[in-house]
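Letter by letter, the chains look like this.
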Amino acid sequence: MIESKVLPTDYVTKPADLVTSTGRSLRTDEMIINMGPQHPSTHGVLRLEIVVDGEIVVDVIPHIGYLHRCFEKHAEHMTNYQQVIPYADRMDYVASMNNDWGYALAVERLLKIQVPPRVEYIRVIMAELQRIASHLIALGTFGIDMGAFTPFLWCFRDRERILDLFEMTCGARLLYNYIWVGGVSHDLPAKFVERAKDFCAYFKPKIKEFNDLLTYNEIFIKRTANVGVLPRDIGINYACSGPMLRGSGIDWDLRRDDPYGVYNDVEWEVQIGRGEMGTVGDVWDRFIVKVREMEQSVRIIEQALAKIPDGNVQAAIPKRIRPDAGEIYVRTESPRGELGFYIISDGTTSPYRVKARSPAFANLSVIHEIARGCMIADLVAIVGSTDIVLGEVDR
Amino acid sequence: MEQLFQSLAGNPIVVSVLLALPPLIFILLYALVTVYLEMKIAAHMQDRVAYMRTGWHGVLQPVADMLKLIQKEDIIPSSGDKILFILAPYLIFMGTYAGFAAIPFSPAYVGSNVNLGVFYIVAATSIVVVGLLMSGWASNNKWSLLGSMRSAAQLVSYELPTILAILVAVMLTGSLNLQEVIQAQAGGFWNWTVFGGGSVSVVQKIFLLPFTITSFLILFTASLAEVNRTPFDLPEAESELVQGYNTEYSGMKFAIFYLSEYANMFLVSAVATCLFLGGWQSPFGEALNGPFWGVFWLVLKGMGFVVLQIWIRWTLPRLRVDQLMYTSWKVLTPMLFVCIFAVGFILVL
């Protein structure tokens, strides 16, 4: 079951090298432990089969599929392209807006339609609010992984405000079904712009507070700096994306490099890891990238709120969407990275094939490369820093 | 107190039992209060309010929790070692409870006024390690095993800085008997060991100050590790080891683990208080001093540190196991050697 693998070179103790005076080796056996699917720090139902030598992780084998819900097959059996959106919601359930947008954008490009400018702004605002909410969960739960409980609840307190904004917009707090093909389901409610501005003003000092409590805590830095270093080449080879890749110092963000929406009309910067506390690409870098992306998202939201034009919130599209036969791949930047939708149309009212390229899946696949030779506590940090959502890994 | 019981009962066994009762009653009451305090402090640090429904501001919740734990099914893993599994929590509690025997709660009451009081406490609480190892091994659970291994390594490592820090206080007060240690700190808070003790001159005090304060802080840090509290709560690191050595425990046995953890928190605080902060001595010299005020001051000082431990727990992340060892062997222990040397040097001068 376990492949025999060469032990990593930075193995902390090498029992195999120790021999007694009579020449007997002191090497002991490794122990296989199941971490998950019911484990507090696997962020859902991931099962990690870990081979440990004492506290040192010799090998990690992720087992996935506990949350498989046949998204792709479901999508093929809908009677309408619009009906897939609630399923897309449930893929990455902490970043539903971004999933909706990815799918809607793919169908719109397949239909070759343009959405009204107001819709573009609403979508950017929603996606960035959702990015903040998603990053808040990622950062908070990562704090729990490190044993700090308080930052987690602070994050949830702030996320609650974002969910309130979503609730007043579309009635739902988690799975919105808000971004539709050709537009959005409702226009923004009357006081939304004002409330969203209030949130931005409220949230900016909270980021600093969070940094003071956790990010620049000496123990936290000791635990995360130089741990789980993801080299640039491995990151690219494993098709990592999002904060995981940017943490390794690669300046790559689809919002800027493969633009969609109105990201080009607002000013913001792509954040990358610089190895401030240790090595470029360590867990701390991935963490700080998310923190800084929240600041950038606030910037984007503030500008979009100022610029948002009036107009329709639904493009003129036929009631039954019937794209020409063909295929399309559209990628967007979800909070976790490159979220791609590959859709094949055979000219009927339902998609012939929908393939979702989930960023969390690719990010998870790199774990065994970077976790070998670390300690169990580091493995928890690495899994936490990859920010996986099992709903998206398994779909 | 001993004479009082003697006159009441006469039989030495009955007297011993009566003498042993006050700490037990104290532990039980204190655990209820501290569970409540911990939940409320944690909640308010996290912008929550914690339980509000059971009684005024949820004050009855610890009682409800206790009743729930008593009623719960007691599960023993079928493939585990049954005897060790049942024995372990009681052994752990015994170690902690035995430590309370030498804690002088007031000038009139100490469970057992042994001459080697501090030494006895350190020795008695070491039994806890055996209990932890037993619970981890008997659970037949790999996470429990890892947790108990961690805790054994941790407790043994942190015993050293604890003992060395105690040594500093013992050098300054000249006794291992806790009653005598406290009596040596009479006469107001400036005579406490943390400020140099009562038997040294003012000049000596000024020179002693940095070393005594350092030793005291190290004793406090090491005691955090002794009771497995954040940032040293690795043995029960929830995010890594599920629940550590007590993963498989449920019901009353789990409650006993909890009880001994809370009792241990007070025990280490009380020891630190007795050694460095005057124990039952009032901070204002002879004012507010006496057998009953003694209980008040000791419990107040001890609870102060318990609250501090709670505060730290809900603020800091957790160290990694190698960093934990590093802190003990390469930071705290050498610092204490310097302290001991310096204190000895100043005392000789």
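All residue numbers here refer to positions counted from 1 along the written sequence of the relevant chain. As a convention, the first chain written is A and the first ligand written is 1, with the rest following in written order. Given that this is a predicted model, residues contribute local features only at a pLDDT of at least 70 and side-chain atom pairs are listed and counted only at 80 or more, while totals for whole chains, interfaces and linings are drawn from all residues.

1. Comments concerning the overall build of chain B
Labels follow the DSSP assignment, with helices taken as runs of H or I lasting at least four residues and strands as runs of E lasting at least two, numbered in each case from the N terminus. The helix and strand tally for chain B stands at 13 helices and two strands. When we talk radius of gyration, it's over C-alpha atoms, and the globule rule is simply 2.2 Å times the number of residues to the 0.38. Radius of gyration (C-alpha) of chain B: 21 Å, near the 20 Å computed for a compact globule of 349 residues. Taken over the C-alpha atoms alone, chain B extends approximately 65 × 55 × 45 Å along its principal axes. Exposed residues have 12 or fewer other C-beta atoms within 10 Å of their own C-beta, buried residues have 20 or more, and partly exposed residues fall in between, where C-beta atoms are placed from the backbone. Expressed as a percentage of its 349 residues, the buried residues of chain B come to 47%.

2. Structural notes on helix α2 (residues 12–45) of chain B
Residue and element names in this part refer to chain B. By definition here, a helix of n residues has an expected span of 1.5 Å times n minus one. Relative to the 50 Å expected for 34 residues at 1.5 Å per residue, α2 spans 49 Å between its end C-alpha atoms, a close match to the ideal helical length. The axis of α2 is deflected most strongly, by about 25°, at Leu 21, and proline Pro 22 appears within four residues downstream. The complete set of buried residues in α2 reads Pro 23, Ile 27, Tyr 30, Ala 31, Thr 34, Tyr 36 and Glu 38. Its buried side turned inward, α2 meets α3 (61–71), α4 (82–100), α11 (251–276) and α12 (291–313). Following α2 by one or two positions, Asp 47 adopts a phi angle in the positive range, close to 60°. Note that the bend at a residue is defined as the angle between axes fitted to the seven residues ending at it and the seven residues starting at it. A pair of residues counts as a contact when their C-beta atoms, built from backbone coordinates, are within 7 Å of each other.

3. Digging into the interface of chain A and chain B
Listed per partner, the contact involves 26 residues of chain A and 23 residues of chain B. Elements with a minimum of two residues in the side of chain A that touches chain B: β1 (31–35), α4 (117–145), α5 (150–170), α7 (218–224) and α14 (376–386) of chain A.

4. Looking at unusual backbone geometry
All names here are of chain A. Of note, the phi angle at Lys 112 is positive, near 55°, even though the residue is not glycine. The topology assignment puts Lys 112 in the loop between α3 (96–111) and α4. Even without being glycine, Asp 387 reaches a positive phi, approximately 55°. Relative to the helices and strands, Asp 387 is located in the loop between α14 and α15 (390–394).

5. Quick notes on the sheet that holds strand β3 (residues 56–63) of chain A
All names here are of chain A. Think of it this way: DSSP has to see at least two bridges between two strands before they count as a pair. Overall, antiparallel pairing links the three strands, which are arranged β1-β2-β3 in an open sheet. A strand with exactly one partner marks an edge of an open sheet, and here the two such strands are β1 and β3. Geometrically, the sheet is characterised by an average inter-axis angle of 20° between neighbouring strands, direction not taken into account. Axis lines are fitted through C-alpha atoms, for helices just across the contact stretch, and the angle between N-to-C directions can take any value from 0 to 180 degrees.

6. Regarding the packing of α4 of chain A against α14 of chain A
Angle between the axes and distance between the axes: these two values describe a pair of packed helices. Residue and element names in this part refer to chain A. Two elements in contact, α4 and α14, have axes whose closest approach is 9 Å; the angle formed by their N-to-C orientations is 175°. The angle between α4 and α14 places the two elements in the roughly antiparallel class. Contact with α4, carried on its side by Thr 141, Phe 142 and Asp 145, involves Val 380, Ala 381, Gly 384 and Ser 385 of α14 and no other residues of that element. Looking at side-chain class alone, the contact of α4 with α14 contains three nonpolar, three polar and one charged residues. By definition in this entry, angles of less than 35 degrees are roughly parallel, angles greater than 145 are roughly antiparallel, angles of 65 to 115 are roughly perpendicular, and the rest are oblique. In this classification, the charged set is Asp, Glu, Lys and Arg, the nonpolar set is Ala, Val, Leu, Ile, Met, Phe, Trp, Tyr, Cys and Pro, and all remaining amino acids, among them Gly, are polar.

7. Thoughts on the confidence of the model for chain A
As a per-residue measure, pLDDT tells how confident the predictor is, with possible values from 0 to 100. Summing up the model confidence of chain A, the mean pLDDT is 85 and the portion of residues at 70 or higher is 94%. A low-confidence stretch, residues 1–13 of chain A (pLDDT under 50), is modelled with 11 contacts involving residues beyond four sequence positions or located in other chains.

8. A short note on the sheet that holds strand β6 (residues 326–334) of chain A
Residues and elements named next belong to chain A. One open sheet holds the three strands; their spatial order is β6-β7-β8, and the pairing between them is antiparallel. In the strand order of this sheet, the two ends are held by β6 and β8 (353–357), each with one partner. Adjacent strand axes in the sheet meet at a mean angle of 15°, parallel and antiparallel pairs treated alike. Where β6 meets strand β7 (residues 337–345), nine bridges bridge the pair, whose relative direction is antiparallel. If you follow Arg 331 over to β7, its bridge partner there is Gly 340.

9. A short note on the confidence of the model for chain B
One rule of thumb: low pLDDT means the predicted coordinates there are not for detailed reading. Residues and elements named next belong to chain B. Per-residue pLDDT for chain B has a mean of 83; in total, 96% of the residues score no lower than 70. For chain B, the element scoring lowest by mean pLDDT is helix α1 (residues 2–9), at 67; α4 scores highest, at 88. For this predicted complex, the interface score ipTM comes out at 0.81, while the overall pTM is 0.85.

10. Here's the deal with the environment of Trp 154 of chain A
By secondary structure assignment, the location of Trp 154 of chain A is in helix α5. In contact with Trp 154 of chain A, not counting residues within four places along its chain, are Phe 210 of chain A together with Gln 46 and Asp 47 of chain B.

11. Focus on the pairing of β8 of chain A
Residues and elements named next belong to chain A. Only one face of β8 is covered, namely the face carrying Val 354 and Ala 356; the face carrying Arg 353, Lys 355 and Arg 357 is uncovered. Of the strand pairs in this sheet, β7 and β8 are connected by five bridges, and their pairing is antiparallel. What sits directly across from Tyr 342, in β8, is Lys 355.

12. Things to note about α3 of chain A
Over its 16 residues, α3 of chain A extends 22 Å from the first C-alpha to the last, a length consistent with the 22 Å expected when each residue adds 1.5 Å. With 15 of its 16 residues buried, α3 of chain A lies for the most part within the structure.

13. Examining the environment of Val 51 of chain A
Residues and elements named next belong to chain A. Checked against the element boundaries, Val 51 lands in strand β2 (residues 47–53). For Val 51, a count of 17 C-beta atoms within 10 Å puts it in the partly exposed group. When the C-alpha positions of Val 51 and Val 193 are compared, they lie 52 Å apart, and in sequence the two are 142 residues distant.

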